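# Residue-level structural notes
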Amino acid sequence: MSSISTQSELTEDELRELIPQLQQLTEKYKRAERVQKALFDISELASSVSHLNRLYSAIHEIIGDFMNADNFYVAFYERDNNVIDMAYIVDEYDEATAKQMPADQLMDGITGYLLRSGESLFYKRSDASLIEEEYGIKLLGSRPHELLGVPLKRGSQSIGAMVIQTYDERVHYTPEDLEVLLFVSQHIVTTVDRVKNRELTERTIRERTRQLRKINDDLQEEILERQKVESLQQALFEISELAANLDGDMSVFYSSLHDILSRLISAPNCYIAILNEARDGLEFPYFSDVQSQSVEARPLGLGLTEFVLRSGQAELINPPRVLELAEAGEIDVSVAQKMLNSANSWLGSPLVVNGEISGVITVQTYGKHAKYTGRDLELLRFVSHHIAVAMERKKSTEAIQRNNQELEERVKARTAELDETNKTLKQQIEERKEIELKLIHDAHHDSLTDLPNRAMFTSRLELAIASKQRYPENMFAVLFIDLDRFKVINDTLGHHAGDEFLVEVARRITLCIRGHDLLARLGGDEFVVLLDNFEDASDVEEVASRIIQSISEPFVLEGREMYSGASVGIAHVEPYYRTADEALRDADAAMYQAKTLGRGRFVMFDKSMRDRLIEELELENEFRKALRDEQFEYYLQPVIDLKKDEALYHEMYVRWSHPSYGKIAREQFRQVAEQSGLTLDLDLFQLQKACELLVSWRNQHGKPARIAVNVSINHLLQASMVNKMIALLESYDVSPQELVFEFDENDLNRRSQYILPAIKKLKRAGVTLVLDNFGSGLASLSYLFSYPFDFIKIDHRFVKSLPRSQRNLKLIQSVMLISEHLKFDVIAEGVDATAQLEALTDIECNYAQGRTLEQPLALDLTQKTG
């Protein structure tokens, strides 16, 4: 306990040091309490003060409790008018400042600085030059000793300024004063806005109250007028309803009309007068009068009714008007006297039917005090219109009924006719819809197999490519299917059998794929399949294998069993494809590779195939250039008559040596020519060079010779081509006997049935004919009996095996034996060894060709020399 007391005790020196601190702290708390009270007072002002002038003076008093505020002003910036409004100002020297000043005049001063910068300002005269230079301020008005200025902000936008200043050099402001002023300013804008809003609200309420009072007065008048109008509208509506629901009993209509009129105007007496059919008298279908029970029909005279009929206008007639009409001779004097005696008031309005006046409606009163007005006249004029409509409707009702009956009969007949027409039209529409659907179907399907066609397949493939690009995990593949022996089936069994074959192929392929896969026929014997969303590449191979197996099964066509096959190219749809044609192109390339490898198989496309195709295309383009520019090498090799040891004829052939690809093999050379469709052009080129060589020899040696050229079987498929070759010989003045045409046996196998007439034509012309490469293919011995060949050239592969192959030697002997009976000679080609030549000499083969006998001779035909 004693230790605690010791610790809590303070020395006298420490107390002396602590007292000023406590005094400062106490002063700070008092100041904070005063600030809090000031803010509370400002908040109270928002609810207690209703005018801004009182608000600003109250704020001035509150701020004066904290600091010297003898000189104080509040200014607001009105952006719309670009003026500064001095809302409140108390100043010893500048209190006469204008209430509003253009903003441009004050923007360089202290008020303008507070608005522009949004920052507070502590100004001292001792620092005036430094402050004015640093902040760009030009002091306006009297120069204060010290000044505190704060911006008034709404959010982040400065909307005004609040400034206190002193001219007394004894008064000094502190940063704490500026802090208090800044703190107070943050709450003043809210208070000012609330007071402004209340003042505006009160002013608005007073103005609105005045407007509502005036509106209420106007509304009361309008209500009274509307009640009158509603009464009139109700009466007019009832009159219209009476006219619309007229059943034929006009007396009821007239009586009801009189009751309605009685509610609008004083109408104790009412009658309706109608012109008779002769239009020379009046009839009264309705009459009600307090002085008379009834009235009889009468001829036209000079009464008030007749006056309205003549004038054609509604008339209001009072006693003064009666005198005028009597004096003018419009009415009879007795009628005028009767009306003057009863002092009545009379209204009459004409009834117009179909543009003609047919009657008058009249109301009248008796007595001096019951007088009609112009408003009553207008009302009667309106009523007369509806009465006339009702009369017109009554006359037309019977005619309408007759017309309706006749119309019903016509409508019934017409309806029956239209029903029949609609039935026919509906049937035609259904037929047209079926035709349109069929046209749409036909536009997207093959007419033979009813499979989707190229257009529909391409569209589906484009969608698959788009799906692959968006969702790479989706898997699609294109199968390009080419059929074997389709042309043979077409040519041997006819087009009908070919069509049956294609339909059966479509059926079989359909059974090999899934329901959501797409099978299409592109044309001819080409089919394509789009496999949609499979799981693994092996699934595609399995489908391709099923298709190949299915097509390999026998077909029964025209009662015959036929076999075919299929080559399938597969291209997986990849994201880099941009069009369907690109995917079809690659699948086609893979199919072509499958056919090259031996048919009856499938090949998966890879980029090397495309590169190879591009290379072949480039090679084809180079070949075209070479043919155009005659960039070939020419060779001449004789066929030797072994008995005479002299040339039987010379075979001329061309070879192609490319600067980049080097020497092109003979088989590739011929293949490129065939694929590019230039076989005929190449043959004609060789024939032209042969003719040039023959002409050159004739000119140099003076004696004819024979030159052989290799000719494609394509020349024999068209009679015009044979004529073209013979014409070429004639153009060079070369005899057909000077030329030898060599035809390849393999070409003959493919198209033998079409060329016999052309071969016979060449034979008749005198051209020597040679069957080249005999034994290299599957040529039938019947060719030797059917075709008028002069020579048969044994394939070099049989000669190459001599003399060791006795079998091939016997084969050559057999052909020689046949040649004795069929009148042709045998040539052994490819004799490249002495032993081969001796073996051929031993069996008495008289003609041979080869390097052992004579090497090929290179020619330079650019100068047409031998």
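Look above for the structure.
Now for a look at the structure at hand. The model shown is predicted, which means the values in this text are computed figures rather than measured ones. Position numbers for residues start from 1 in each chain and track the written sequence from start to end. Confidence filtering applies because this is a predicted model: local features only for residues at pLDDT of at least 70, side-chain atom pairs given and counted only at 80 or more, and all residues used for totals across whole chains, interfaces and linings. The side-chain values count all of the structure's non-hydrogen atoms but skip hydrogen atoms and water molecules.

## Brief notes about the environment of Q549
Put simply, the test is: Only DSSP runs of H or I covering at least 4 residues are called helices, and only runs of E covering at least 2 are called strands; the numbering of each starts at the N terminus.
Take Q549: it is sitting in helix α16 (residues 537–552). A sequence separation of 275 residues divides Q549 from I274, and the C-alpha atoms of the two residues are 107 Å apart.

## Observations concerning the packing of helix α14 (residues 486–493) against helix α15 (residues 495–512)
Quick note on the threshold: Angles here are taken between N-to-C directions and fall from 0 to 180 degrees, while the axes themselves are lines fitted to C-alpha atoms, restricted in helices to the stretch in contact. The contact definition used throughout considers only heavy atoms, calling two residues in contact when any of these lie within 4.5 Å. Ten residue types, Ala, Val, Leu, Ile, Met, Phe, Trp, Tyr, Cys and Pro, are classed as nonpolar, four, Asp, Glu, Lys and Arg, as charged, and the remainder, Gly among them, as polar.
α15 packs onto α14 with a crossing angle of 145° between their chain directions and a minimal axis gap of 6 Å. Contacts between α14 and α15 involve F486, I489, N490 and L493 from the former and H495, A497, G498, F501 and L502 from the latter. Residues of the contact of α14 with α15, tallied by class, amount to six nonpolar, three polar and no charged.

## Looking at helix α17 (residues 580–596)
Worth spelling out the cut-off: Expected helix span is taken as 1.5 Å per residue step, with the number of steps being one fewer than the number of residues. Summary of the burial criterion: residues with accessible area below 20% of their type's maximum are buried, those above 50% are exposed, and those between are partly exposed, where the area comes from a 1.4 Å probe applied to protein chains only.
In this model, α17 (17 residues) spans 24 Å end to end at C-alpha, consistent with the 24 Å of a helix rising 1.5 Å per residue. Residues A580, A583, L584, D586, A587, A589, A590, M591, Q593 and A594 constitute the buried set of α17. Looking at the buried residues of α17, the elements they touch are α13 (454–470), β13 (476–483), β15 (526–532), β18 (566–572), β19 (602–604) and α18 (607–629). Where α17 terminates, the next one or two residues include G598, which has phi positive at roughly 130°.

## Some words on the nonpolar core
Put simply, the rule is: The nonpolar core is taken to be a set of buried Ala, Val, Leu, Ile, Met, Phe, Trp, Tyr and Cys residues, with the residues joined through side-chain atoms within 4.5 Å.
Grouped together as the largest cluster of nonpolar side chains are 72 residues, with contacts concentrated most on F632 and F741. Apart from the residues lying within four places of it in its own chain, the contact partners of F741 are L687, V709, V711, M725, L762, V767, T768, L769 and V770. Ranked by size, the runner-up nonpolar core spans 33 residues in total, among them L479, L502, I509 and F527.

## Focus: the pattern of salt bridges
What counts here: The working definition used for a salt bridge is a side-chain nitrogen of Lys or Arg within 4 Å of a carboxyl oxygen of Asp or Glu.
Applying the stated criterion across every chain, the model contains 31 salt bridges. Ionic pairing is found between R310 and E330, a salt bridge with its closest N-O pair at 3.1 Å. Taken together, the residues span a long stretch of sequence, with R310 in helix α9 (residues 304–311) and E330 in the loop between α10 (319–327) and α11 (333–342) at a distance of 20 residues. Judged by relative accessible area, which is 29%, E330 ranks as partly exposed.

## Side note on the pairing of strand β20 (residues 633–641)
Selection rule: One bridge is not enough; two strands pair if DSSP finds at least two bridges between them.
Burial of β20 is extensive: seven of the nine residues sit out of reach of the surface. One ladder, built from nine bridges, connects β20 with strand β21 (residues 646–655); its direction is antiparallel. Paired with D641 across the bridge in β21 is E646. The hairpin formed by β20 and β21 contains four residues between the paired strands, and D645 there has a positive phi angle of roughly 55°. Where β20 meets strand β30 (residues 857–859), three bridges bridge the pair, whose relative direction is antiparallel. Note that in β30 the partner of Y634 across the bridge is L859. Bridge count between β20 and strand β29 (residues 847–849): two bridges; the pairing is antiparallel. Bridging across to β29, D641 finds its partner in Y847.

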